[in-house]
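Analysis of the macromolecular model
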Amino acid sequence: MSANRNITRIDRETSGGFLVRLMRKGKKHTKFFADNEYGGKRKALAEAKKFRDDLEGKLKGYTPQQLSKIVRSNNTSGVVGVRLVEEVDARWPSKPTYQYWVAQWSPKKGVRKTQRFSVEKYGNDEAYKLAVKARKKGVASMKP
């Protein structure tokens, strides 16, 4: 992680300082540390880091399980982590198209698991149900 994460330097003609911006659970937390208020750039940056670190210690973010339940605005399936994918197989002159319902989850940090269910093999409704079931099972196995 960057030593100055969530801290931005702002320079103006007559003054400058560091702005701390942190977002936790949909709420913004900001504070400005002016150089002249804290006795120079280094001291202002040190205070900004201290404020940020204290804030991060107090405000806990979402757990992986909580994040896995947040519905994004671009969700079209109605279920988080489940989407319909259409692939064109360019290996053939006819370029056939295949559809899959895909379930995706992250059992631990840095790992992504995916399961695909063919619409051609299972039918649209059954492939969707299987993807939803796989997603639920995958999320249940996630580490906190």
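Residues numbered from 1 in each chain as written. Predicted model: local features only at pLDDT ≥ 70, side-chain atom pairs only at ≥ 80, totals over all residues. Heavy atoms only, no water.

1. A short note on the overall build of the protein
The condition is simple: Elements are defined by DSSP. Helices are runs of H or I of four residues or more, strands are runs of E of two residues or more, and each kind is numbered from the N terminus. Computation of the radius of gyration draws on C-alpha atoms alone. For the globule rule, the value is 2.2 Å times the number of residues to the power 0.38. For each residue, the accessible area found with a 1.4 Å probe, counting protein chains only, is set against the maximum for its type, and the residue is called buried under 20%, exposed over 50%, and partly exposed in between. It only takes one pair of heavy atoms within 4.5 Å for two residues to be counted as in contact. Here the accessible surface of atoms and residues is derived via Shrake-Rupley with a 1.4 Å probe, and residues count as covered only by protein chains that are part of the display. Counting rule for charge: Lys and Arg are taken as positive, Asp and Glu as negative, and neither His nor the chain ends is counted. To locate a charge, take NZ of a lysine, CZ of an arginine, CG of an aspartate or CD of a glutamate.
Of the regular secondary structure elements, the protein holds five helices and six strands. Helices and strands in the protein line up, N terminus first, as β-β-β-α-α-α-β-β-β-α-α. On C-alpha atoms alone, the protein measures out to a radius of gyration of 23 Å, which is more than a quarter above the 15 Å that the 2.2 N^0.38 rule sets for 144 residues. Overall size of the protein, expressed as C-alpha extent along the three principal axes, is 70 × 40 × 25 Å. For the protein, buried positions account for 28% of its 144 residues. In the protein, the proportion of contacts linking residues at least 24 apart, taken out of those at least 6 apart, comes to 37%. Carbon and sulfur atoms provide 51% of the accessible area of the protein, an area that totals close to 10500 Å². Taken together, the 34 basic and 14 acidic charged side chains of the protein have centroids lying 6 Å from each other.

2. Observations regarding helix α2 (residues 41-58)
Spelled out, the test is: One less than the number of residues in a helix, times 1.5 Å, gives the span that helix is expected to have.
The terminal C-alpha atoms of α2, which comprises 18 residues, lie 26 Å apart, in line with the 26 Å expected from a rise of 1.5 Å per residue. Where α2 is buried, its residues meet β1 (7-11), β2 (16-24), β3 (27-34) and α1 (35-38).

3. A closer look at the UniProt feature "domain: AP2/ERF" (unreviewed entry) in the protein
Test applied: UniProt positions are given in the numbering used here, feature names are shortened, and annotations may be inferred rather than shown by experiment.
Listed under "domain: AP2/ERF" (unreviewed entry) in the UniProt record, and renumbered for this structure, are residues 98-139. Between the end C-alpha atoms of residues 98-139 the distance is 26 Å, and the span holds 48% helix and 33% strand.

4. Concerning the domain arrangement of the protein
Interface size, as often reported, equals the accessible area lost upon joining of the parts. The condition that has to hold: Domains are outlined according to an automatic or database domain assignment.
Partitioning the protein into domains gives domain 1 (7-58) and domain 2 (64-141). Summarising the inter-unit geometry, the C-alpha centres of domain 1 and domain 2 are found 41 Å apart.

5. Details of the sheet that holds β1
We apply this condition: Note: two strands are recorded as paired if DSSP finds a minimum of 2 bridges between them. Note on definitions: angles span 0 to 180 degrees between N-to-C directions of axes, and those axes are lines fitted to C-alpha atoms, for helices only across the stretch in contact.
What the three strands build is an open sheet, ordered β1-β2-β3; its pairing is antiparallel. Each having just a single partner strand, β1 and β3 make up the two edges of the open sheet. Pairwise comparison of adjacent strand axes, ignoring direction, gives a mean angle of 25 degrees for this sheet. Across five bridges, β1 lies against β2 in antiparallel orientation.

6. Thoughts on the pairing of strand β5 (residues 97-105)
Where strand β4 (residues 82-88) meets β5, seven bridges bridge the pair, whose relative direction is antiparallel. Note that in β5 the partner of E86 across the bridge is Q99. By the bridge criterion, six bridges tie β5 to strand β6 (residues 113-118) in an arrangement that is antiparallel. From the neighbouring strand, Y100 faces β6, where its bridge partner is S118.

7. Describing the sheet that holds β4
Backbone hydrogen bonds are what pair the strands of a sheet, in a parallel or an antiparallel way. If you walk across this open sheet you meet the three strands as β4-β5-β6, and the pairing is antiparallel. Of all strands in the sheet, those bounded by a partner on one side alone are β4 and β6. Strand-to-strand twist across the sheet, computed as the mean angle between neighbouring axes with direction ignored, equals 35 degrees. Packing of helix α5 (residues 124-140) onto the sheet brings it into contact with β4, β5 and β6, and relative to β5 it is tilted by some 20 degrees.

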